[in-house]
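Architecture at a glance
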Amino acid sequence: MDITDQEKIENILYKLKSDNNITQMKQYVQHGRVSTYEHCERVARFCYLINKRFGLNADVETLLIGAMLHDFYLYDWHDKDDTHKWHGYHHADTALANAIRYFEVNEEIQHIIWCHMWPLNISRFPKTKEARIVCFADKCCSIVETFCKR
Ligand SMILES: [Fe+2]
Ligand SMILES: [Fe+2]
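Residues numbered from 1 in each chain as written. Chains lettered and ligands numbered in written order. Predicted model: local features only at pLDDT ≥ 70, side-chain atom pairs only at ≥ 80, totals over all residues.

1. A short note on the environment of Asp2
Along the polypeptide, Asp2 turns up in the segment before helix 1 (3–17). Take Asp2: there are 7 C-beta atoms within 10 Å of it, and that puts it in the exposed class. Along the backbone, Asp2 and Leu96 are 94 residues apart, and their C-alpha atoms lie at a distance of 32 Å. (Helix = DSSP H or I, 4+ residues; strand = E, 2+ residues; numbered from the N terminus. Buried ≥ 20, exposed ≤ 12 C-beta atoms within 10 Å, placed from the backbone.)

What follows is the structure, encoded as C-alpha cells:
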C-alpha cells in the first residue's frame, strides 16, 4: 500500500473516523487486545487491498464505509449480559440500526453490514461484490486478531 492508497482511504474515512459515535468503538474489545475500532479500520484497509490486488473494481467508497461500520454495534460482547448472548447472530442488526440512525447510509452499505456474518447467518448471503469482500476480509482479520492476540 503506497501513500496514494493511504490518502484515498483517509479521504473516504476521515469524517467517520472523527465522529464521536465511531470513536466510541475504541472502548470495546473485539478480539484479544484489539478494539472494535481497530478491527473495523483493519478490515477496511484489507478490503481496499483485496480490491486493488485482484482488480475487483468494487465501489471503493461503499466498500470502505461498509467495512468501517460493519461492527458498529457499540457494546462489549464479552460482558456477561443476557442481551449479548447471541452476539454472533444479532450484532449485525444492531450495527445496521446504529449506522442508519447516525449516518443515514444507503442500501448498498446497509447490505454489507446486514450480511457480513454469513455463513453463520446462513440466509444472509452477500449479494454484492462489496459485501462479499467485506465478509471475506472480516473473517481473515478476525482469525489473525484472535490467534495473534495483537
Ligand atoms: Fe461482526
Ligand atoms: Fe468484524
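2. Brief notes about the nonpolar core
Soluble globular proteins: nonpolar side chains tend toward being buried together. Counting 37 residues, the largest nonpolar core has Ala44, Cys47, Leu64, Ala67 and Val134 as its most contacted members. For this core, the secondary-structure elements that each account for two or more residues are helix 1, helix 3 (36–53), helix 4 (60–69), helix 5 (87–103), helix 6 (107–114) and helix 7 (129–148). Ignoring sequence-local partners within four residues, the contact set of Ala44 consists of Ile9, Leu13, Leu64, Ala67 and Met68. (Core = buried A, V, L, I, M, F, W, Y, C linked by C-beta atoms within 7 Å. Contact = placed C-beta atoms within 7 Å.)

3. Comments concerning helix 4
Most of helix 4 sits out of view: eight of its 10 residues are buried. Regarding helix 4, the residues found buried are Thr62, Leu63, Leu64, Ile65, Gly66, Ala67, Met68 and Leu69. If you follow the buried residues of helix 4, they end up packed against helix 1, helix 3, helix 5, helix 6 and helix 7.

4. Things to note about helix 3
Counted at 1.5 Å a residue, the expected span for helix 3 with its 18 residues is 26 Å, and the 25 Å between its end C-alpha atoms agrees. Residues Thr36, Tyr37, His39, Cys40, Glu41, Arg42, Val43, Ala44, Arg45, Cys47, Tyr48 and Asn51 constitute the buried set of helix 3. Gly55, located one to two residues past helix 3, shows a positive phi value of around 55°. (Expected span 1.5 Å × (residues − 1).)

5. Some remarks on unusual backbone geometry
Put simply, Trp118 and Pro119 share a cis peptide bond, and its omega is 10°. Relative to the assigned elements, Pro119 resides in the loop between helix 6 and helix 7. Despite not being glycine, Asn57 has its phi angle at roughly 55°, a positive value. Within the secondary structure, Asn57 is located in the loop between helix 3 and helix 4. Unlike most non-glycine residues, Leu74 shows phi in positive territory, near 60°.

6. Overview of the packing of helix 4 against helix 6
At their nearest, the axes of helix 4 and helix 6 sit 9 Å apart, and the two run at 40° to each other. Here helix 4 lies oblique to helix 6, going by the angle between them. The chirality of how helix 4 crosses helix 6 is right-handed. Where helix 4 approaches helix 6, its residues Thr62, Ile65, Gly66 and Leu69 are matched on the opposing element by Glu108, Ile109, Ile112 and Ile113. In terms of residue class, the contact of helix 4 with helix 6 is made up of five nonpolar, two polar and one charged. (Axes fitted to C-alpha atoms, helices over the stretch in contact; angles between N-to-C directions. Parallel < 35°, antiparallel > 145°, perpendicular 65-115°, else oblique. Left-handed = near helix turned anticlockwise from the far one by under 90°. Nonpolar A, V, L, I, M, F, W, Y, C, P; charged D, E, K, R; others polar.)

7. As for the environment of Val144
With respect to the secondary-structure elements, Val144 resides in helix 7. Taking C-alpha positions, Val144 is 31 Å from Glu104, a pair spaced 40 residues apart along the chain.

8. Quick word on the packing of helix 1 against helix 4
It is the contact of helix 1 with helix 4, at a shortest axis distance of 10 Å, that shows an interaxial angle of 45°. By the angle between their axes, helix 1 is oblique relative to helix 4. The crossing of helix 1 and helix 4 is right-handed. Facing helix 1, whose interface residues are Lys8, Ile9, Ile12, Leu13 and Leu16, helix 4 presents Val60, Glu61, Leu64, Ile65 and Met68. Of the residues in the contact of helix 1 with helix 4, the class split is eight nonpolar, no polar and two charged.

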